[in-house]
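Structure assessment
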Amino acid sequence: KVVEEYGKILSKDNTIDLFYVDEVEDKDIKKVFNDTFFFKFNQKKWEGNNWRTKIYKDSLELVKLYFLHKHIATIVKNGKYDLIFINPSKFTQAPFILRFLKNTVYYCQEPLRIVYDDALSLSQSLPIKNKVYEKINRQIRKWVDKYNIKNADVILANSNFSKKNIEKAYGKKVYVCYLGVDTEKFTTFNFKKEHDLLFIGEKVKIEGYDLLKETLDLYRNKPNVKIIARARSGKGISQDDLINEYNKAKIALSLSKNEPFGLIAIEAMSCGVPVIAVDEGGFKESIVNNKTGYLIDRNKNELKEKIDLILGNDNLRTMLGETGRLYVQEKFTWDLSVSNFLNIVNKHL
C-alpha cells in the first residue's frame, strides 16, 4: 500500500523505478512506476510438520535471499538514483539490501515482533526441543534484522508508538511519518447498513479476535458481525469490495494487540464509519476518543457498552462517522504523508 500510494504521488514530479522481490509478479503495479524490476523468490511452505523444510527456511533460504539482495543492490547502484526508498521485507522484516546501499530511507513499520513483542513470546507449552530451536532461530533473526537496519541512513516510523519501540530496539534516531488514506476512494456511499460490526483480521489472539468472541458471548441476541481476513500474498478482498464493506458496516472494530498504527481504523473513518479500538498502540494517535469513535480498555464489558451505545443511537453513529471522515481528511491523507516524507528526507539525508 505504501509503495503504491507513494509511487503515484512522487512519480508526478520524479522518475520512480520499483525493485521488488516476491513469488508472483504484480502486473498492475507497472502502471504506477516509470519502470519495474521483478525478482522471483520462491518460499518453501511450512505447515508445521516437516522439520527439514523448517530448517531450510531458517538457514539456506535466508542465504539465498541475502545473495539475491546483493545482486539487486548492484543493479540499483548502476542506476545512479538520487534517493533509495526501502520498505520492509516479508521474509526478514529489515531487508538485506540495506547492507549494500547508501542514501537510503527505510520505512520501518514495526520492529521484528517475534523478538521484541511480548504478545508473541514463546508458549510455555512448547516441547523443550521446539523451544530451544525457536529461541536459537529468533536470536539469529534478531541479529539479521538488527544488522540490516543499522545500515539505513534515515529511518521512518508510522506512529510515535512505533518510533519509541524502534528506537528502543535498534538504538537509532527515528522520524514519524504517518500513513494515509485515499479519501476520494475511501469515501461514504448511501449503502444499506448490513453489518452491525466489521472485524478485519485473522481469528487469532494477536488480532484481538478473543476479545470480540468474549464480548459476543455476553449477548442473548448477538449483533451481526462481518469478518474479513487480511489479504495474504495478493489474495483476499479487493480494495473496491473492502470500501463497500466499510460502507455497509455500522461500526468498525480495531482490537489488535500493540498495533503499530492501524490503517484499517483510518480507512473506516474515511468511509464515515465510527471505530471502537483498544486504547493502546497506534490507535491512541489515529482515533480521537468520543469524537471519531471510542478508545476502550481491553475489556469485554466496556466493548459491549460502546457497541450498544452506538447501535442504539443513529444520530450519535452519524455524528461520529462524519467527524471521523473530516479528521482523516485533515490529518491522514497520502498527500500529507508524502509531504512529510519529503520534508524529513530533505532535512536529514
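Scroll up to find the structure.
Residues numbered from 1 in each chain as written. Predicted model: local features only at pLDDT ≥ 70, side-chain atom pairs only at ≥ 80, totals over all residues. Heavy atoms only, no water.

Our next topic: the nonpolar core. Core analysis: the largest hydrophobic core is formed by 67 residues, its most contacted members being Tyr6, Leu156 and Tyr246. For Tyr6, the contacting residues outside a window of four places in its chain are Phe85, Tyr107, Cys177, Trp334, Ser337, Val338 and Phe341. (Core = buried A, V, L, I, M, F, W, Y, C linked by side-chain atoms within 4.5 Å. Buried < 20%, exposed > 50% of the residue type's maximum accessible area, 1.4 Å probe, protein only. Contact = heavy atoms within 4.5 Å.)

The subject of this paragraph is the pairing of strand 7 (residues 195-200). In terms of burial, strand 7 is a largely internal element, six of the six residues being buried. As judged from the four bridges shared by strand 7 and strand 9 (residues 249-254), these two strands associate in the parallel manner. What sits directly across from Leu198, in strand 9, is Ala252. With four bridges joining them, strand 7 and strand 8 (residues 225-228) adopt parallel strand pairing. From the neighbouring strand, Leu197 faces strand 8, where its bridge partner is Val225. In this region the chain leaves strand 7, passes through helix 7 (residues 209-216) and returns to the parallel neighbour strand 8; the handedness of that crossover is right-handed. (Helix = DSSP H or I, 4+ residues; strand = E, 2+ residues; numbered from the N terminus. Pairing = 2+ DSSP bridges. Right-handed = clockwise from strand over helix to strand, strands pointing away.)

Burial in helix 6 (residues 160-170) covers these residues: Ser162, Lys163, Ile166, Ala169 and Tyr170. Projected down its long axis, helix 6 carries its buried residues within an arc of 140°, all on one side. Exposed residues lying more than 90 degrees from the buried face of helix 6 are Lys164 and Lys168. The secondary structure elements touched by the buried residues of helix 6 are helix 4 (113-116), helix 5 (128-149), strand 5 (154-157) and strand 6 (175-176). (Arc of directions from axis to C-beta.)

It is the contact of helix 9 (residues 263-270) with helix 12 (residues 314-331), at a shortest axis distance of 7 Å, that shows an interaxial angle of 115°. The angle between helix 9 and helix 12 places the two elements in the roughly perpendicular class. Crossing geometry of helix 9 relative to helix 12 is assigned as left-handed. Residue-level inspection shows Ile266, Met269 and Ser270 of helix 9 in contact with helix 12, the latter providing Gly321, Gly324, Arg325 and Val328. (Axes fitted to C-alpha atoms, helices over the stretch in contact; angles between N-to-C directions. Parallel < 35°, antiparallel > 145°, perpendicular 65-115°, else oblique. Left-handed = near helix turned anticlockwise from the far one by under 90°.)

Take the sheet that holds strand 11 (residues 293-296) next. What the five strands build is an open sheet, ordered 8-7-9-10-11; its pairing is parallel. Strands with a single pairing partner mark the edges of an open sheet, and in this sheet they are strand 8 and strand 11. Here the average twist between neighbouring strands, direction ignored, is 20°. Against the sheet, helix 9 contacts strand 7, strand 9 and strand 10 (275-278), and its axis sits at roughly 165° relative to strand 10.

All right, on to the environment of Ile166 then. Its location among the elements puts Ile166 in helix 6. Judged by its relative accessible area of 0%, Ile166 falls in the buried class. Sequence-wise, Ile166 and Gly79 are 87 residues apart; in three dimensions their C-alpha atoms are separated by 30 Å.

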